[in-house]
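Letter by letter, the chains look like this.
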Amino acid sequence: MRLLCVAALLLLASCGGHYSDFTLPELNTEGSAGPFAWIPQPSPVIEREEMNDVLNPSVVRFRGEYWNLYSEFDSRAWHTAIATSPDGLAWTKRGRVISPEFSDGAYIAANGSALPVGKELWYWYEVGYPLRIAVAKTTDGEDWTREPGYVLDRGPYGSFDEIAVADPYVVRAGEIFYMYYLGQDRAGRQQLGVARS
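I will try to describe carefully the structure that is included in this document. Only a predicted model underlies this, so the values are computations on that prediction, with no experimental measurement involved.

**Overview of the overall build of the protein**
At step 1: A tally of regular secondary structure across the protein gives 1 helix and 11 strands.
At step 2: Starting at the N terminus and ending at the C terminus, the protein contains elements arranged as α-β-β-β-β-β-β-β-β-β-β-β.
At step 3: Here the protein holds 197 residues, and the buried ones make up 35% of them.
At step 4: Of the contacts formed within the protein by residues at least 6 apart in sequence, a portion of 35% connects residues at least 24 apart.
At step 5: For the protein, the exposed surface amounts to about 12700 Å²; the carbon and sulfur share of it is 56%.

What follows is the structure in structure tokens.
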């Protein structure tokens, strides 16, 4: 019994370290309030057409419209494309804005999260092989600047995200950005993680 108590104390003490200063922000009560009504539509808002798949929408308000950054697969690679809408129901495709750079063996530059930041639109997305998370920015939705490197790399040896990090979802609370993401370990198990910036 004594050994069990010592083990429990050691476990509790090990939870300190770099995780001990992680806190969630105060609840923001501004913004939209429910109740909300969800009305199903009879057909997709973005059709597949010649693409094999379209999925993972990230919809935000930017420059007075709804912007949908979504992933599309062309039977060879995953790309990020944009559609815009005045009302969130009728969408106009604007085309691809981010594609993988095949020189590094990547087949994906998609499955991301968009967020207006000041006068820019930022988009965090998975890229590379193995998967890591990068960010691109635009002021007009047409010309995108990819920031060099990765904003979130794989975790250390033995961690839950040692093999890959992917599928980012970013929210902002005050001046802090929180990124929820998928991590994969060496056994192929996938778990959710959170990082802040």
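**A few points about the pairing of strand β9 (residues 164-173)**
At step 1: In this sheet, strand β10 (residues 176-184) lies alongside β9 in antiparallel orientation, the contact comprising 8 bridges. Paired with Ala166 across the strands is Leu182, a residue of β10.
At step 2: Between β9 and β10, which pair antiparallel in sequence order, lie 2 residues; one of them, Gly174, sits at a positive phi of approximately 65 degrees.

**Focus on the pattern of salt bridges**
Opposite charge on two side chains permits pairing when their charged atoms draw close.
At step 1: Summed over all chains, the structure comprises 8 salt bridges.
At step 2: Here Asp153 and Arg132 are joined by a salt bridge, their closest N and O atoms 2.6 Å apart. With a gap of 21 residues between them, Asp153 in the loop between β8 (144-146) and β9 and Arg132 in strand β7 (residues 132-138) connect regions that are remote in the sequence.
At step 3: Across the pair Arg189 and Asp185 runs a salt bridge, and its minimum N-O distance is 2.7 Å.
At step 4: A relative accessible area of 53% means that Arg189 is categorised as exposed.
At step 5: One salt-bridge network, held together by shared partners, links Glu72, Asp74 and Arg96.

**Overview of the packing of aromatic side chains**
At step 1: Within this structure, the stated rule accounts for 7 aromatic pairs.
At step 2: Ring centres of Trp124 and Phe177 lie 6.0 Å apart, and the angle between their planes is 55 degrees; this geometry places the pair in the tilted category. With Trp124 in strand β6 (residues 120-127) and Phe177 in strand β10, this residue pair connects regions lying 53 residues apart in the sequence.
At step 3: Through a chain of ring-to-ring contacts, three or more aromatic side chains come together here, namely Trp122, Trp124 and Phe177.
At step 4: One cation-aromatic arrangement involves Arg61 over Tyr66; the distance from NZ or CZ to the ring centre is 4.5 Å.

**Topic: the sheet that holds β7**
At step 1: The 4 strands lie next to each other as β5-β6-β7-β8, forming an open sheet whose pairing is antiparallel. Each end of this open sheet is capped by a strand with a single partner; those strands are β5 (109-117) and β8. Shown here is a sheet whose adjacent strand axes are inclined to one another by a mean of 25 degrees, direction ignored.
At step 2: Relative to β8, β7 runs antiparallel, the two being bridged by 3 bridges. Across the sheet, Thr138 pairs through a bridge with Trp144, a residue of β8.

**Some remarks on the sheet that holds strand β1 (residues 53-62)**
At step 1: Within the open sheet, the 4 strands sit side by side as β1-β2-β3-β4. Their pairing is antiparallel. Edge positions in the sheet fall to β1 and β4 (92-98), since each has one partner strand and no second. Averaged over all pairs of adjacent strands, the angle between strand axes in this sheet comes to 25 degrees, irrespective of strand direction.
At step 2: With 8 bridges connecting them, strand β2 (residues 65-73) and strand β3 (residues 78-85) associate as antiparallel partners. In the strand pairing of β3, Phe73 is matched with Trp78.

**Focus: the side chain of His79**
At step 1: Here His79 shows up in strand β3.
At step 2: For His79, a relative accessible area of 4% translates into the label buried.
At step 3: Only 2.7 Å separates the side chain of His79 from the side chain of Ser99, close enough to count as a polar contact.
At step 4: Residues in contact with His79, not counting those within four places in the same chain, are Tyr70, Ser71, Glu72, Asp74, Arg96, Ile98, Ser99, Pro100, Ala109 and Ala110.

About the thresholds
Residues numbered from 1 in each chain as written. Predicted model: local features only at pLDDT ≥ 70, side-chain atom pairs only at ≥ 80, totals over all residues. Heavy atoms only, no water. Helix = DSSP H or I, 4+ residues; strand = E, 2+ residues; numbered from the N terminus. Buried < 20%, exposed > 50% of the residue type's maximum accessible area, 1.4 Å probe, protein only. Contact = heavy atoms within 4.5 Å. Areas by Shrake-Rupley, 256 points an atom, 1.4 Å probe, with all protein chains shown as cover. Pairing = 2+ DSSP bridges. Salt bridge = Lys/Arg side-chain N within 4 Å of Asp/Glu carboxyl O. Phe/Tyr/Trp six-rings, centres within 6.5 Å; stacked < 30°, edge-to-face > 60°. Lys NZ or Arg CZ within 6 Å of the ring centre and 35° of its normal. Axes fitted to C-alpha atoms, helices over the stretch in contact; angles between N-to-C directions. Polar contact = N/O pair within 3.5 Å; in protein donor to acceptor, adjacent residues only side chain to side chain.

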